[in-house]
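Here is how the chains run, residue by residue.
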Amino acid sequence: MSYKPLPDVVTIKDSGIHGLGLFATSDISQGTLLGKIYFDHNGRTERTPLGGFGNHSDEPNCTKILMEDGSWWITTNQDVKSGDELTWAYTMYNVA
């Protein structure tokens, strides 16, 4: 299996929020685990392509989850329609 930087249901395109963003390419059900956005590498927090294009919203449709291995993933916290931008709440200087 080859590496895929984004899940099949997500693409990157121009965002009305800021720069580029992540958009659903098909409907995504609430509770869908989309992928890893941050992980620890030799004591440094590294961002994945999925994490690099996510934009902030005060009313996000995704939530960050801390996994047992210390990595952060995003999951949908509501149903997302095809074409909607995927967003989560940023926390300044903290991936939590």
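You'll find the structure just up there.
Residues numbered from 1 in each chain as written. Predicted model: local features only at pLDDT ≥ 70, side-chain atom pairs only at ≥ 80, totals over all residues. Heavy atoms only, no water.

(A) Spatial organisation of the overall build of the protein. Helix and strand counts for the protein stand at one helix and eight strands. Radius of gyration (C-alpha) of the protein: 13 Å, near the 12 Å computed for a compact globule of 96 residues. Overall, the C-alpha framework of the protein stretches about 35 × 35 × 25 Å when taken along its three principal axes. Looking at the protein as a whole, 33% of its 96 residues qualify as buried. Residue pairs at least 24 apart in sequence account for 65% of intrachain contacts in the protein once pairs closer than 6 positions are excluded. Of the roughly 6,100 Å² that the protein leaves accessible, carbon and sulfur atoms contribute 51%. (Helix = DSSP H or I, 4+ residues; strand = E, 2+ residues; numbered from the N terminus. Rg over C-alpha atoms; globule rule 2.2 N^0.38 Å. Buried < 20%, exposed > 50% of the residue type's maximum accessible area, 1.4 Å probe, protein only. Contact = heavy atoms within 4.5 Å. Areas by Shrake-Rupley, 256 points an atom, 1.4 Å probe, with all protein chains shown as cover.)

(B) View of the sheet that holds strand 7 (residues 72-76). Across the sheet, four strands lie side by side as 4-3-7-6; this open sheet has antiparallel pairing. Strands with a single pairing partner mark the edges of an open sheet, and in this sheet they are strand 4 (44-47) and strand 6 (62-66). Taken over all neighbouring pairs, the strand axes of this sheet differ in orientation by 30° on average, direction set aside. Sheet topology places strand 3 (residues 33-41) next to strand 7; four bridges connect them, and they run antiparallel. By the bridge assignment, Gly35 is partnered in strand 7 with Ile74. (Pairing = 2+ DSSP bridges. Axes fitted to C-alpha atoms, helices over the stretch in contact; angles between N-to-C directions.)

(C) Inspection of the pairing of strand 7 at higher detail. Burial runs high along strand 7: four of the five residues are buried. The pairing of strand 6 with strand 7 spans five bridges and is antiparallel. Paired with Ile65 across the two strands is Trp73, which belongs to strand 7. Linking strand 6 back to strand 7 in an antiparallel pair, the connection comprises five residues, with Gly70 at a positive phi of about 90°.

(D) Just the sheet that holds strand 2 (residues 20-24), in detail. Read from one edge to the other, the open sheet built from four strands follows the order 1-2-8-5, with strand pairing classed as mixed. Where the open sheet ends on each side, the last strands, each with one partner, are strand 1 (10-14) and strand 5 (55-56). Summarising the sheet, strand 2 and strand 8 (residues 85-88) pair through two bridges and their orientation is antiparallel. Across the sheet, residue Phe23 finds its bridge partner in strand 8, namely Glu85.

(E) A look at the side chain of Thr87. Following the sequence through the fold, Thr87 ends up in strand 8. Contacts of Thr87, omitting those with residues within four sequence positions, involve Ile17, Asn55, His56, Ser57, Glu59, Pro60, Asn61 and Cys62.

(F) Region of the structure containing the nonpolar core. Formed by 15 residues in total, the largest nonpolar core has its most connected members in Leu22, Ile37, Leu50, Ile74 and Leu86. Contributions of two or more residues to this core are made by strand 2, strand 3, strand 7 and strand 8. Ranked by residue count, the leading element in this core is strand 3, at three residues. Beyond its immediate chain neighbours, meaning those up to four positions away, Leu50 contacts Pro5, Leu6, Pro7, Val10, Leu22, Leu34, Gly35, Lys36, Ile37, Ile74 and Trp88. (Core = buried A, V, L, I, M, F, W, Y, C linked by side-chain atoms within 4.5 Å.)

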